[in-house]
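What follows is each chain in one-letter form.
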Amino acid sequence: GLEVEFSDPVVAEICASDRRIITGTAHRRENWGPGLEGIVAGVRLLAIEHTDTYFVIPQHPNPAVRAQLANLSDLPNVCLTEALSYPEFARLMARSYLIISDSGGIQEEAPSLGKPVLVCRDSTERGEGLEAGTLKLVGTDPARILEEAAKVLAGQGKQGRRPALWDGKAAERIVADLDRLLA
């Protein structure tokens, strides 16, 4: 696994535990306001229903986003943390059971770690992840987020599976194709 020390001791303690972890992020501008409100409500319902699971939410620096995420701060199994360094976040994703996010990059990174992602958007440009079954579009409706996450937690939902060409060897394939093209 990734051996990285967390700057936040609470995140370190959570990752050292044997409880399931769900990582959540929300930052896309089109979700600010009602969309983020729905994501937060969905995570809130999920955290209340699954008290045996930790929820780690690295916060976006925007004050408006933080204000909405603060609606989760009263839940004992939710950890709102400052943004993590990339190595810390990669370790957190590797330790997570499920990721709930509106991030495009996480849609590629989490499957490479074998983690399912519930995508809080109505569409994605990463169709390979949908086809492979590792990504599921859930939008920002709280009931849908709760329903799909509960399926994953019960072992009935999306499984983390890397799409065929998301193996970290793109550069090698590009070089080989360029060699063939220029030969």
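With respect to the nonpolar core
Okay, step 1: Of all hydrophobic cores here, the largest spans 25 residues; its most connected members are Ile22, Leu46, Phe55, Leu72, Val78, Leu98 and Ile100.
Okay, step 2: Listed by contribution, the elements that provide at least two residues to this core are helix 2 (34-49), strand 2 (53-58), helix 3 (63-69), strand 4 (98-101) and helix 7 (142-153).
Okay, step 3: The biggest single contributor to this core is helix 2, with six residues.
Okay, step 4: Phe55 has contacts with Ile22, Val43, Leu46, Ala47, His50, Asn77, Val78 and Cys79, leaving out every residue within four places of it along the chain.
Okay, step 5: By size, the runner-up hydrophobic cluster in this structure holds 18 residues, among which are Phe89, Leu92, Met93 and Ala110.

Some points on the sheet that holds strand 3 (residues 78-81)
Okay, step 1: With respect to topology, six strands assemble into an open sheet ordered 3-2-1-4-5-6, the strand pairing being parallel. The outermost strands of the open sheet, each flanked by one partner alone, are strand 3 and strand 6 (135-137). With direction set aside, neighbouring strand axes in the sheet form an average angle of 20°.
Okay, step 2: Pairing geometry for strand 4 and strand 5 (residues 117-119), over three bridges, is parallel. Pairing of Ser101 across the sheet is with Val119, part of strand 5.
Okay, step 3: Along the sheet, helix 1 (residues 9-16) contacts strand 1 (20-25), strand 2 and strand 3; its crossing angle with strand 3, the most-contacted strand, is approximately 140°.
Okay, step 4: Each of strand 1, strand 2, strand 3 and strand 4 touches helix 2; the most contacted strand, strand 2, lies at about 155° to it.

Notes on the pattern of salt bridges
Okay, step 1: A full pass over the atoms with the stated rule returns nine salt bridges.
Okay, step 2: As a salt-bridge pair, Arg20 and Asp52 come within 3.9 Å of each other at their nearest N and O atoms. One end of the pair, Arg20, is in strand 1; the other, Asp52, is in the loop between helix 2 and strand 2, and 32 residues separate them in sequence.
Okay, step 3: Using a relative accessible area of 24% as the deciding quantity, one classes Arg20 as partly exposed.

Here's the deal with the packing of helix 2 against helix 7
Okay, step 1: Interhelical geometry of helix 2 versus helix 7 gives an angle of 40° and a closest axis separation of 8 Å. With respect to helix 7, the element helix 2 is oriented oblique. Crossing hand, helix 2 versus helix 7: right-handed. Note on element contacts: helix 7 touches helix 2 through Pro142, Ile145, Leu146, Ala149, Ala150 and Leu153, opposite Gly38, Ile39, Ala41, Gly42, Leu45, Leu46 and Glu49.
Okay, step 2: Tallied by class, residues from the contact of helix 2 with helix 7 come to 10 nonpolar, two polar and one charged.

Conventions and cut-offs
- Residues numbered from 1 in each chain as written.
- Predicted model: local features only at pLDDT ≥ 70, side-chain atom pairs only at ≥ 80, totals over all residues.
- Heavy atoms only, no water.
- Core = buried A, V, L, I, M, F, W, Y, C linked by side-chain atoms within 4.5 Å.
- Buried < 20%, exposed > 50% of the residue type's maximum accessible area, 1.4 Å probe, protein only.
- Helix = DSSP H or I, 4+ residues; strand = E, 2+ residues; numbered from the N terminus.
- Contact = heavy atoms within 4.5 Å.
- Pairing = 2+ DSSP bridges.
- Axes fitted to C-alpha atoms, helices over the stretch in contact; angles between N-to-C directions.
- Salt bridge = Lys/Arg side-chain N within 4 Å of Asp/Glu carboxyl O.
- Parallel < 35°, antiparallel > 145°, perpendicular 65-115°, else oblique.
- Left-handed = near helix turned anticlockwise from the far one by under 90°.
- Nonpolar A, V, L, I, M, F, W, Y, C, P; charged D, E, K, R; others polar.

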